[in-house]
Amino acid sequence: MSEQQKKGRLGEVIRFVVTGGVCFLIEQAVLSLLKEIFGLDVNIGTPIAFLVSVVANYLLCVKWVFPGADGSGGKTKAGFVLTSGIGFFLNWGFMALLTALFGQDGILLTLFGIQLKVYHLNKAIATLLVMIWNYFTKRLILKKK
């Protein structure tokens with residue numbers, strides 16, 4: 001790999017991490033809204049929040065992370081949907097497992113009147129695990145030559 005390719009890959013990874021961070025915040029906000037305002041259990045709110053964030057992730061990936069991928073064909077879009085679907089079930093499974101192990105409503109920290117609950121930490125762990133899956137599969141699908 002040339003020096004130029006290494007720099008390009010590093011930039012791509014940085015953009016992917018920033019995109020993941022933005023989508024993580026979107027997902028956490030939606031999950032918190034569903035849990036705290038609408039009273040949904042995290043096992044119901046998790047897939048809804050994930051679907052909202054995956055739309056944002058797709059838009060950012062094709063426009064910014066992997067430039068030029070937005071003109072890709074139906075196979076590429078189907079691959080993105082398939083890998084996102086697998087990520088959806090991984091995310092949901094990790095959240096169900098972590099919720100069963102650690103619960104969801106325990107308060108970890110209160111800062112300026114905002115409570116950080118166990119389900120927020122569970123979501124962060126699940127998201128990190130699925131992010132690894134997402135990077136490699138999205139790159140493979142969207143950068144396929």
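Data block above holds the structure.
Colleague: Which parts of the structure should I look at to understand the overall build of the protein chain?
Modeller: Across its full length, the protein chain carries four helices and two strands. Secondary structure elements of the protein chain, listed N to C terminal, follow the sequence α-α-α-β-β-α. A principal-axis box enclosing the C-alpha atoms of the protein chain has dimensions of 50 × 30 × 25 Å. Scored against the burial criterion, the 145 residues of the protein chain give a buried share of 39%. Within the protein chain, counting contacts between residues at least 6 apart in sequence, those at least 24 apart form 71% of the total. Carbon and sulfur atoms make up 74% of the accessible area of the protein chain, which totals about 8400 Å².

Colleague: Would you take a moment to explain the pairing of strand β2 (residues 114-117) for this structure?
Modeller: Remember that side chains alternate between the two faces of the sheet whenever the strand is regular. Summarising the sheet, strand β1 (residues 107-111) and β2 pair through four bridges and their orientation is antiparallel. Paired with I107 across the bridge in β2 is K117. Between β1 and β2, which pair antiparallel one after the other, the connecting turn spans two residues, and F112 there sits at a positive phi close to 55°.

Colleague: What is the right way to read the layout of surface pockets from this model?
Modeller: One way to see where empty space is left: roll a probe the size of a water molecule over the atoms. Empty space within the largest pocket amounts to approximately 280 Å³. Forming the boundary of the largest pocket are 20 residues, of which G20, E27, T127, M131 and N134 lie nearest the centre. Elements with a minimum of two residues in the lining of the largest pocket: α1 (3-37), α2 (42-65), α3 (74-102) and α4 (118-142). When grouped by side-chain class, the residues that make up the lining of the largest pocket number 10 nonpolar, eight polar and two charged.

Colleague: Please explain the pattern of salt bridges as it appears in this structure.
Modeller: When their charged atoms lie close together, side chains carrying opposite charge are able to pair. Going through the model one piece at a time under the given rule, you end up with three salt bridges. Of the charged contacts, one joins K35 and D105 as a salt bridge, the two residues approaching to 2.8 Å between their closest N and O atoms. Taken as a pair, K35 in helix α1 and D105 in the loop between α3 and β1 lie far apart in primary sequence, 70 residues in all. Classification of K35 as buried rests on a relative accessible area of 14%. Among the ionic pairs, K117 bridges to E36, the shortest N-O distance being 3.3 Å. Taken together, the residues K117 in strand β2 and E36 in helix α1 connect sequence positions 81 residues apart. The exposure class assigned to K117 is buried, which follows from its relative accessible area of 12%. Exposure remark for E36: the relative accessible area of 41% places this residue in the partly exposed category.

Colleague: Looking at this structure, I do not really get the packing of α2 against α3. What am I missing?
Modeller: What describes two packed helices is the angle between their axes and the distance between those same axes. Where α2 contacts α3, the axes come no closer than 10 Å and their chain directions differ by 145°. Between α2 and α3 the crossing geometry is right-handed. Facing α2, whose interface residues are V42, N43, T46, P47, F50, L51, V54, N57, Y58 and C61, α3 presents K77, F80, S84, G87, F88, N91, W92, M95, A96 and T99.

Colleague: Help me out: how do you make sense of the packing of aromatic side chains in this one?
Modeller: Within a pair of aromatic rings, the relevant descriptors are the distance that separates the centres and the angle that separates the planes. One pass over the full model with this rule turns up four aromatic pairs. A connected cluster of aromatic rings, assembled from ring pairs, spans F50, F88, F89 and W92.

Colleague: Would you mind going over the environment of L121 with me for this structure?
Modeller: Among the secondary structure elements, L121 is positioned in helix α4. What makes L121 partly exposed here is its relative accessible area of 43%.

Rules of the game
- The residue numbers shown here count from 1 along each chain, following its written sequence.
- Whole-chain, interface and lining totals are the exception, using all residues; otherwise, since this is a predicted model, local features are given only for residues with pLDDT of at least 70 and side-chain atom pairs are given and counted only at 80 or more.
- As a rule here, side-chain values come from all non-hydrogen atoms in the structure, and water together with hydrogens is ignored.
- Counting from the N terminus, the helices are DSSP H or I runs at least four residues long and the strands are E runs at least two residues long.
- Partly exposed describes any residue whose relative accessible area lies between the buried limit of under 20% and the exposed limit of over 50%, with all areas from a 1.4 Å probe on protein chains only and scaled to the type maximum.
- Any two residues whose heavy atoms approach within 4.5 Å at even a single point are treated as in contact.
- Here the Shrake-Rupley method, with its probe set to 1.4 Å, supplies the accessible areas, and only the displayed protein chains count as covering residues.
- For two strands to pair, DSSP has to find at least two bridges joining them.
- Using a 1 Å grid laid over the protein atoms alone, points where a 1.4 Å probe fits but cannot get out form a cavity; open sets with protein on both sides within 12 Å along at least 5 of 7 lines form a pocket; any residue with an atom within 4 Å of a point counts as lining.
- Grid points are joined across faces, edges and corners, and a volume is the space filled by probe spheres set on the points.
- Note on residue classes: Ala, Val, Leu, Ile, Met, Phe, Trp, Tyr, Cys and Pro are nonpolar, Asp, Glu, Lys and Arg are charged, and everything else, Gly too, is polar.
- The salt bridge definition used is simple: a Lys or Arg side-chain nitrogen within 4 Å of an Asp or Glu carboxyl oxygen.
- Whenever a helix is involved, its axis is fitted only over the stretch in contact; in every case the axis is a line through C-alpha atoms, and angles between N-to-C directions fall within 0 to 180 degrees.
- Note on convention: the crossing is left-handed when the near helix lies turned anticlockwise from the far helix by less than a right angle, right-handed when the turn is clockwise.
- Within 6.5 Å between ring centres, the rings of Phe, Tyr and Trp (the latter by its six-membered ring) count as paired, and their orientation is classed by plane angle as stacked under 30 degrees, edge-to-face over 60, tilted in between.

Spatial relationships are all this shows, so hold off on functional conclusions.
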